[in-house]
Amino acid sequence: MARIVMKFGGTSMAGIERIRTVAQRVKREWAAGNEVAVVVSAMAGDTDRLVGFCREASPLYDAREYDVVVSSGEQVTSGLLAIALQAIGVPARSWLGWQLPIHTSDAFASARIGSIDTAALAESLARREVAVIPGFQGVADDGRVTTLGRGGSDTSAVAVAAAMGADRCDIYTDVDGVYTTDPRIVPRARKLSKVTYEEMLELASVGAKVLQTRSVGLAMKEGVRVQVLSSFTGDDAPMADQLPGTMIVGEEEIDDVERQLITGIAHDKNEAKITLTSVPDKPGAVASIFAPLADASINVDMIIQNIAHGKGSTDVTFTVPSADLARSMETLNQARAAIGFGELIHDTRVAKISVVGVGMRSHAGVASTMFTTLGARGINVQAISTSEIKVSVLIHEDETELAVRVLHSAYGLDAEDAAG
């Protein structure tokens, strides 16, 4: 017998028929003797609809009331799945975030999970009940409902798995695993059987949409084994414990034979480039740019500082999420006198391309291969950022697909070469 958390996303819960399909999949795990907790997202499109209602009611809405509204989508699906399970003979009940409870910070709309009381959940599982838990939500110390930010149901599932000591956390999505790159761009991309936490964290942070970044970080911290699976398979699909998807695990679980120099290539068009010209070349000048952005909770990624044509000044270029561009420009313009820059130039027609792999730690030449390959196809690199297991470049968005394809081939990830 295993203790399993199963998480189903919005596309898996999009309507009664799909919810019934989910119920059958849950029943298979329950009938095999496993203790099962299920974490669900709202139906596809529902959260966007609820967010729209809040904005329509007031552009300056209260974040506490916003959380009450947007968390209702998961309440609906958790109740419906419990009903669907009961209808096929599986004892089940839904548990809202405040009923367990799932304790979070009071950063409404972007709360972080602090702890989960599992006593009631353990009693429910001991009675052979399936516990159905709405993702994305919790409760602050003052008793108010909180939400974890978009994509937060993945984090909810990993947190529940960690709290209840689950053997595995299965994340069911509309893809059947983690691929070497987006198969819609490169049909020869391969599904990987295992990916390390670090690699998945980097892939998620640079554009791979399979898992929410926070959920991967939490899984790595708590040592939760996570598997990515497709919910869109037939009733005769293998059981999840036969590993039909991709396992996210510690590096020690991946043999040297399985380890590739590069694990995957990700792309992200949700980037915007900002250049400040004629910034005074003096100590503290760069801090005067990035301190206001940090205070506004705006994440900055790639940074380049060049000596400008004017003596004693520099040009500073960096990237921010495109959704934060307007707020970034407003913040910088408000600080213009303190920074002392000349012009603020922005560009949204950019994309970030990243190559990720733990093999970089012990192999030289990864960056050289990337730059040589892109240069040979006439793709100009506008900015660069690196980590121990990642190299990212900024290019023109029109060259995104070409860059992904040629890099996928250059690193030997095409179907006949990739391991998965």
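Thresholds, definitions, all that
Residue positions within a chain follow its written sequence, with the count starting from 1. Local features are withheld for residues below a pLDDT of 70 in this predicted model, meaning they are given only at 70 or higher, and side-chain atom pairs are given and counted only at 80 or more; totals for whole chains, interfaces and linings count all residues. Remark: hydrogens and water are excluded; side-chain values derive from all non-hydrogen atoms of the structure. Salt bridges are identified by distance alone: a Lys or Arg side-chain nitrogen within 4 Å of an Asp or Glu carboxyl oxygen. Under the scheme applied here, a residue whose accessible area is under 20% of the maximum for its type counts as buried, over 50% as exposed, and between as partly exposed, the area being computed with a 1.4 Å probe on protein chains only. Between any two strands, pairing holds if DSSP finds at least two bridges. The secondary structure listing takes helices from DSSP runs of H or I that are at least 4 residues long and strands from runs of E that are at least 2 residues long, numbered from the N terminus. Here an angle of 0 to 180 degrees is reported between the N-to-C directions of two axes, which are lines fitted to C-alpha atoms, with helices fitted over the stretch in contact. Residue contacts follow a heavy-atom distance rule, with two residues in contact if any of their heavy atoms lie within 4.5 Å.

Caption draft 1: Up close: the pattern of salt bridges. Considering all chains together, one arrives at 23 salt bridges under this definition. Across the salt bridge formed by Arg127 and Glu129, the nearest N and O atoms sit 3.4 Å from each other. Residue classification places Glu129 among the buried positions, given a relative accessible area of 17%. If you follow the salt bridges from partner to partner, you end up with Glu198, Glu251, Arg361 and Glu388 in one network.

Caption draft 2: Expanded view of the sheet that holds strand S3 (residues 92-94). Pairing within the open sheet is mixed, and its 8 strands lie in the order S3-S6-S2-S1-S9-S11-S12-S10. With one partner strand each, in any of the chains shown, S3 and strand S10 (194-196) form the two edges of the open sheet. The average angle at which neighbouring strand axes cross in this sheet is 20 degrees, direction not considered. Examined bridge by bridge, strand S11 (residues 226-230) and strand S12 (residues 246-249) share 3 bridges and lie antiparallel to one another. Within the sheet, the bridge partner assigned to Val228 lies in S12 and is Thr246.

Caption draft 3: Looking closely at helix H9 (residues 285-295). Considered for burial, the residues of H9 that qualify are Ala285, Ser288, Ile289, Phe290 and Leu293. A positive phi of about 60 degrees marks Ser297, the residue just after H9.

Caption draft 4: Layout of the side chain of Lys390. By the secondary structure assignment, Lys390 is in strand S18 (residues 390-396). Looking at Lys390, the relative accessible area reads 10%, which means it is buried. Residues contacting Lys390, with those up to four places away along its chain left out, are Glu202, Val206, Ser354, Val355, Val356, Met360 and Ser385.

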